[in-house]
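Single-letter residue listing:
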Amino acid sequence: MTNNKTVLSWLEEMKALVTPDEVVWIDGSEEQLEALRKQACETGEMIKLNEEKLPGCYLHRTAVNDVARVEGRTFICSQKEEDAGPTNHWMDPQKAYKMLFDIARGSYKGRTMYVIPYSMGPIGSPLAKIGIEVTDSIYVVLNMAIMTRVGQAVLDVLGDSSDWVKGLHCKVNIEEENRYICHFPEDNYIISVNSGYGGNVLLGKKCFALRIASFLGKNEGWMAEHMLILGIENPQGEVKYVSAAFPSACGKTNLAMLIPPEGYREKGYKVWTVGDDIAWMRQGPDGRLYAINPEAGFFGVAPGTNMKSNPNALISTQKGTIFTNVVQNLDDNTVWWESLDKNPPEHAMNWKGEPWNGKTSDQKGAHPNSRFTAPAKNCPCISPEFENTAGVPISAIIFGGRRAQTTPLVYQSKDWNNGVFVGSIMASETTAAATGAVGVVRRDPMAMLPFCGYHMGDYFKHWFEMGEKLGDKAPKIFNTNWFRLDDEGHFIWPGFGDNFRVLEWIIRRCEGKVDAVETPIGFVPKAEDINLEGLEDFTVEDLQKILDVDKAAWAKEAEGIEEFYKQFGDRLPQELRNQLETLKKNCQ
Ligand code: GTP
Ligand code: SPV
Ligand code: MN
């Protein structure tokens, strides 16, 4: 497959370490993938679903102790501990290599080593990067073949270059105590052991495209962000692109595939999906910021996805998709998850593979972090620019989180530097995407807390440097919160497709076409400038409630921010301290 010496010698090393019976290169051909699907079904690793209703679709169940990212067992192994920063777990690289190689040693015995050459980004794009993942899991191979571009073409583009990222994955035996997801940013190396869950083992995704790539981006002057990318087409056929960073399970896939509400659609408004999770962004020749989606598929949250909330996502999963930890409907061998429809199957298996009756059980059938792995090309609103090697120009960057209170529906930062501050103070209630308590407010700067591969103080500095470079061509920065609750604990804002009403305001702000109200935290819309036409059960008074900026609450928020900032010590850019002082003054 390749004569690349750096690749071949590393693979020799890996073979000697994990001692497989056989080595199989993934060439990207449909024949090879189909043979692997068959094999996985024979061993029970995957279940083939109803070919008529869900052609080319499969179900996989992970071990019950292996259902989400494990942040406590995720490490940045930089030479110096201080370079990993206070928000990452750190391990000495020499110690980590030894420990991981000891765990990996001999672990492929009796099994096959799959070698996956993959490209993050369109193959050959100047913005793309290459990785090689070695794994003993067919599930990983088949997911990587959806989520990334794999096969011979990648090696052809790589040629003799040593510019690629090594990835070793060993399932071993899914012991939680010995589960490690380790990154060696200075060596372009990722090692993941004792897990079979997506975010821990599809090494192109969070491990490479965010943790390793954020480090590369800092050194090379570009950005790797936990952001969706979408295009908004207006009735004149002009498309403006925005990227948005929300923490895990806070609405990126939903916003990326949004269908504008009735009224807008008739006028010709449309949303195009470029990406739903990760953006790589670089200054283009015209000085603007350009983004590509390094992925080729969607690893989306299943529960909550339905024909009303996100029809485009649901349609994307109707063929060639792998479902993980959802309900299996035994009557017709299809899948189900909470809120897919109002008709849960009675004769079914829950995500653990136990008999489950959706009509009578008081237990959830699908795991809250159950997922679908769907090819991007299935998506009805996939952007015509999806394969554009140059990327798309970004007009606005949106930060957002899940906050029951305090944060308004939308506000605009005063300028880039204030926008970096807004990103740095992001906070959100935790979700099922990572193990641990759900619903606890934590600070999650730029939605990158679990994904920044180096010191977060330096990451903030990098954002300021990017702003300087971009100057007046920099995207405008906004913050949104779809998740304000009323006194009874219901979401006030209808969300989903209706978020288009907020996107419209954002674009009009970028074009300088609409005024706003200055508040202590930034510019908030005048209530009359958010179009509420066609909304039922949502009044202008409701809107005013969620546009409100409560000075006392923000003064309290400022205290929390000050506390949060302390851990960064001298590596916190002075500019952020200044911004915080301004906020405090504004709230007096
Ligand atoms: P990751 O893949 O983990 O990065 O998640 P994500 O950011 O792509 O989140 P996703 O779009 O999958 O949404 C996660 C959950 O939030 C789902 O249960 C959605 O139903 C819910 N959600 C998304 N958008 C909205 C919204 O506008 N309002 C409300 N109330 N819920 C939403
Ligand atoms: C997230 O948790 O942000 C995800 C899913 O997108 S995972 O691939 O598990 O990271
Ligand atoms: Mn994500």
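Numbering of residues starts from 1 in each chain and follows the order in which that chain's sequence is written. All chains are assigned letters beginning with A, and all ligands numbers beginning with 1, in the order in which they are written. Per-residue local features of the predicted model are confined to residues with pLDDT of at least 70, and side-chain atom pairs are confined, for both listing and counting, to 80 or more; whole-chain, interface and lining totals are unaffected and use all residues. Only hydrogens and water are set aside when side-chain values are computed; all heavy atoms of the structure are taken into account.

Overview of the site of ligand 2
Which entries qualify depends on this criterion: When we say a residue is near a molecule or strand, we mean one of its heavy atoms is within 4 Å of it. In protein, a polar contact means a hydrogen-donor-capable atom and an acceptor-capable atom, both N or O and within 3.5 Å, with residues adjacent in sequence counting only if both atoms are side-chain atoms; elsewhere, any N or O pair within 3.5 Å suffices. The protein chains shown are the only cover counted for residues, whose accessible areas, like all others here, come from Shrake-Rupley with a 1.4 Å probe. How far each domain reaches was decided by an automatic or database domain assignment.
Lining the immediate surroundings of ligand 2 are R69, Y197, G199, K205, K206, H226, S248, D277, F299, R371, A433 and F451. Here an oxygen atom of ligand 2 and a side-chain polar atom of H226 are 3.3 Å apart. The contact in question runs from an oxygen atom of ligand 2 to an N or O atom on the side chain of S248, over 2.5 Å. Here ligand 2 has 280 Å² of accessible area as a free molecule, and 98% of this is covered by the chains. In terms of domain composition, the shell around ligand 2 takes at least three residues from each of domain 1 (5-44 + 70-220) and domain 2 (225-296 + 384-586).

Points about the coordination of the manganese ion (ligand 3)
What counts is decided by this rule: As a rule, N, O and S atoms within 2.8 Å of a metal are its donors, except that Na, K and Ca use 3.2 Å; water is not among the atoms, so sites may look incomplete. Each label reflects the angles at the metal, where four donors whose angles all fall between 85 and 135 degrees are tetrahedral, four or six donors whose opposite pairs open beyond 155 degrees and whose other angles stay between 65 and 115 are square planar or octahedral respectively, and the rest are irregular. A run of DSSP states H or I qualifies as a helix once it reaches four residues; a run of E qualifies as a strand once it reaches two. Both are numbered from the N-terminal end. Only protein chains enter the accessibility calculation, which uses a 1.4 Å probe; a residue whose area is less than 20% of its type maximum is buried, one above 50% is exposed, and one in between is partly exposed.
Taken together, the protein ligands of the manganese ion (ligand 3) are K206 (NZ), H226 (NE2) and D277 (OD), with distances of 2.1 to 2.5 Å. Considering all six donor atoms around the manganese ion (ligand 3), angles at the metal cover 65 to 173° and the coordination shape is irregular. Coordination of the manganese ion (ligand 3) draws on donor residues from a single chain, spaced K-x19-H-x50-D in sequence. Taken together, the residues span a long stretch of sequence, with H226 in the loop between β12 (223-225) and β13 (228-233) and D277 in the loop between β15 (270-275) and β16 (279-283) at a distance of 51 residues. We classify D277 as buried; its relative accessible area is 9%.

Considerations on the UniProt feature "active site" (unreviewed entry) in the chain
For clarity, the threshold we go by: UniProt positions are given in the numbering used here, feature names are shortened, and annotations may be inferred rather than shown by experiment. Residue contacts are counted whenever heavy atoms from the two residues lie within 4.5 Å of one another.
Taken from the UniProt record, the annotation "active site" (unreviewed entry) applies to C250. By the secondary structure assignment, C250 is in the loop between β14 (239-245) and α9 (252-256). Filtering out sequence-adjacent residues up to four positions away, C250 remains in contact with R402, S428, T431 and F483.

Some details on the nonpolar core
Where a protein is soluble and globular, its nonpolar side chains tend to be buried together. Under the convention used in this document: Nonpolar cores were defined as sets of buried Ala, Val, Leu, Ile, Met, Phe, Trp, Tyr and Cys residues, with membership established by side-chain atoms within 4.5 Å.
Judged by nonpolar contacts, the single largest core of 133 residues is most densely connected at W280, F399, W463 and Y565. Split by domain, the residues of this core number at least three in each of domain 1 (5-44 + 70-220) and domain 2 (225-296 + 384-586). Judged by nonpolar contacts, the second largest core, of 34 residues, contains F101, M113, I132 and V154.

Section: the packing of helix α2 (residues 30-43) against helix α5 (residues 138-147)
Spelled out, the test is: In this analysis an axis means a line fitted to C-alpha atoms, helices contributing only their contacting stretch, and an angle means the value between N-to-C directions, from 0 to 180 degrees. Working rule for angles: under 35 degrees goes down as roughly parallel, over 145 as roughly antiparallel, 65 to 115 as roughly perpendicular, anything else as oblique. Helix crossings fall into two classes, left-handed where the near helix is turned counterclockwise from the far one by less than a right angle and right-handed where it is turned clockwise. Residues were grouped as follows: Ala, Val, Leu, Ile, Met, Phe, Trp, Tyr, Cys and Pro as nonpolar; Asp, Glu, Lys and Arg as charged; and all remaining residues, including Gly, as polar.
Two elements in contact, α2 and α5, have axes separated by 10 Å at closest approach and are oriented at 140°. In terms of their interaxial angle, α2 and α5 are classed as oblique. Note that α2 runs across α5; the crossing there is left-handed. On α5, the residues that touch L33, L36, R37, Q39 and A40 of α2 are I138, V141, L142 and A145. Its residues placed into classes, the contact of α2 with α5 shows seven nonpolar, one polar and one charged.

Topic: the layout of surface pockets
The condition that has to hold: As defined here, a cavity is a set of points on a 1 Å grid over the protein atoms alone where a 1.4 Å probe fits but cannot get out. A pocket is an open set with protein on both sides within 12 Å along at least five of seven lines, and residues line them when an atom is within 4 Å of a point. Grid points are joined across faces, edges and corners, and a volume is the space filled by probe spheres set on the points.
Approximately 530 Å³ is the volume attributed to the second largest pocket. Lining the second largest pocket we find 24 residues, and of these R37, A145, I146, P375 and K377 sit closest to its centre. Those elements that provide at least two residues to the lining of the second largest pocket are α2, α5 and β8 (149-150).

What about helix α16 (residues 551-566)?
Counted only if it meets this: Helix span, as expected, comes to 1.5 Å for every residue beyond the first. Comment: arc refers to directions from the helix axis out to C-beta atoms.
Between its terminal C-alpha atoms α16 stretches 23 Å, which fits the 22 Å expected from 16 residues at 1.5 Å a residue. Within α16 the residues assigned to the buried category are W554, E557, A558, I561, F564 and Y565. Projected down its long axis, α16 carries its buried residues within an arc of 125°, all on one side. Projecting away from the buried face of α16 at angles above 90 degrees are the exposed residues A552, K556, E559, E563 and K566. Residues of α16 that are buried make contact with β26 (410-412), α12 (416-424), β28 (441-443) and α17 (574-586). Capping of α16 at its N-terminal end is provided by D550; its side-chain oxygen lies 3.0 Å from the backbone amide nitrogen of A552.

Thoughts on the sheet that holds strand β2 (residues 47-48)
Heads up, the condition is: Paired strands, in this sense, are two strands between which DSSP finds at least two bridges.
Pairing is mixed in the open sheet, where five strands are placed in the order β2-β3-β19-β24-β18. Taken across any chain shown, the strands that pair with only one partner, and hence form the sheet edges, are β2 and β18 (297-301). Summarising the sheet, strand β19 (residues 322-324) and strand β24 (residues 371-375) pair through three bridges and their orientation is antiparallel. Opposite I322, over in β24, you have T373 as the bridge partner.

Here we look at the UniProt feature "binding site: Mn(2+)" (unreviewed entry) in the chain
Under the local residue numbering, the UniProt record ascribes the feature "binding site: Mn(2+)" (unreviewed entry) to K206, H226 and D277. In summary, the annotated positions, though distributed over 72 residues, converge in three dimensions, the widest C-alpha pair being only 9.4 Å. When neighbours within four sequence positions are excluded, H226 is seen to be in contact with K206, L210, A244, A245, F246, P247, S248, K252, D277, A447, M448 and F451. Of note is the side chain of H226, whose polar atom sits 3.5 Å from the side chain of K206. Of note is the side chain of D277, whose polar atom sits 3.0 Å from the side chain of K206.

Quick notes on unusual backbone geometry
Among all residues save glycine, negative phi is the norm, and among peptide bonds the norm is trans. At N333, a position not held by glycine, the phi torsion is positive, near 55°. Note on placement: N333 falls in the loop between β20 (327-329) and β21 (334-336).

Things to note about the sheet that holds strand β23 (residues 355-356)
An order of β21-β20-β22-β23 is seen for the four strands of this open sheet, with the pairing classed as antiparallel. Each of the sheet's edge strands pairs with one partner strand only, and the pair in question is β21 and β23. Pairing geometry for β20 and β21, over three bridges, is antiparallel. Paired with N329 across the strands is T334, a residue of β21.

Brief notes about the site of ligand 1
In the region of ligand 1, 22 residues are neighbours, and A249, K252, T253, N254 and R371 sit closest. Within the side chain of N254, an N or O atom sits 2.8 Å from an oxygen atom of ligand 1. Within the contact set of ligand 1, an oxygen atom lies 2.9 Å away from a backbone nitrogen or oxygen of F496. Sorting the residues of the shell around ligand 1 by element identifies α9 and β18 as the ones contributing at least two each. Take the shell around ligand 1: its biggest share by element is three residues, from α9.

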